[in-house]
Amino acid sequence: MNGFLAWLGMREYQLVGQLPIQGDAQPELTRNEFRILYYFFMNSGKVIGKEELLEKLWNDRFYLDENVLMVNMTRLKHKLREIGITHLLENIRGKGWKL
């Protein structure tokens, strides 16, 4: 996963290395945050639940506490907000999130 460019609606999003780029702002993401964001881009429009993320990204939905996922999601959303990306990940109550 070196990087990619994606269009969602009328906006362009670029991920290079572990950096989402929005104009000149480039917050650095942790490996887990980047993997989460990449997975959402690869499954754009699909509602993705906690269990699926834990299974696909950590290969173990039973061993890891879902708090690990929630901390990573919170940090990712905060970093995206810092560069003006506020509505990229939509929370679908009771089901998960979608891009």
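Report on the accompanying structure. Small disclaimer: the values here were computed from a predicted structure and weren't measured.

Rules used in this analysis
Residues numbered from 1 in each chain as written. Predicted model: local features only at pLDDT ≥ 70, side-chain atom pairs only at ≥ 80, totals over all residues. Heavy atoms only, no water. Helix = DSSP H or I, 4+ residues; strand = E, 2+ residues; numbered from the N terminus. Buried < 20%, exposed > 50% of the residue type's maximum accessible area, 1.4 Å probe, protein only. Contact = heavy atoms within 4.5 Å. Areas by Shrake-Rupley, 256 points an atom, 1.4 Å probe, with all protein chains shown as cover. Expected span 1.5 Å × (residues − 1). Axes fitted to C-alpha atoms, helices over the stretch in contact; angles between N-to-C directions. Parallel < 35°, antiparallel > 145°, perpendicular 65-115°, else oblique. Left-handed = near helix turned anticlockwise from the far one by under 90°. Polar contact = N/O pair within 3.5 Å; in protein donor to acceptor, adjacent residues only side chain to side chain.

What follows is about the overall build of the protein chain. When its secondary structure is counted, the protein chain shows three helices and five strands. Listing the helices and strands of the protein chain from first to last along the sequence gives β-β-β-α-α-α-β-β. Within the protein chain, the fraction of its 99 residues that count as buried is 39%. Sequence separation of 24 or more characterises 46% of the internal contacts of the protein chain that already satisfy a separation of 6 or more. Total accessible area on the protein chain is roughly 6,200 Å²; 48% of this is exposed by carbon and sulfur atoms.

So, about helix α2 (residues 50-58). Of the positions making up α2, those classed as buried are Glu52, Leu53, Leu54, Leu57 and Trp58. Trailing α2 by a residue or two, Asn59 shows a phi angle of about 55 degrees, which is positive.

For an α-helix, 3.6 residues make a turn, and residues three or four places apart therefore share a direction. Taking 1.5 Å of rise per residue, 12 residues should cover 16 Å, and helix α1 (residues 31-42) covers 16 Å from first to last C-alpha, within 8% of that figure. What α1 keeps buried is the set Glu33, Phe34, Arg35, Ile36, Leu37, Tyr39, Phe40 and Phe41.

Contact pair α1 / α2: the axes reach a minimum separation of 11 Å and the direction vectors enclose 115 degrees. Taken as axis vectors, α1 and α2 run roughly perpendicular relative to one another. Relative to α2, the crossing made by α1 is right-handed. Taken together, the residues of α2 that come into contact with α1 (itself represented by Asn32, Arg35, Ile36, Tyr39 and Phe40) are Glu52, Leu53, Lys56, Leu57 and Trp58.

This paragraph deals with the side chain of Asn72. Mapped onto the elements, Asn72 comes out in helix α3 (residues 66-82). Side-chain polar atoms of Asn72 contact the backbone oxygen of Val68, separated by 2.7 Å. With sequence-adjacent residues up to four places away left out, Asn72 is seen in contact with Thr30, Asn32, Glu33, Ile36 and Trp58.

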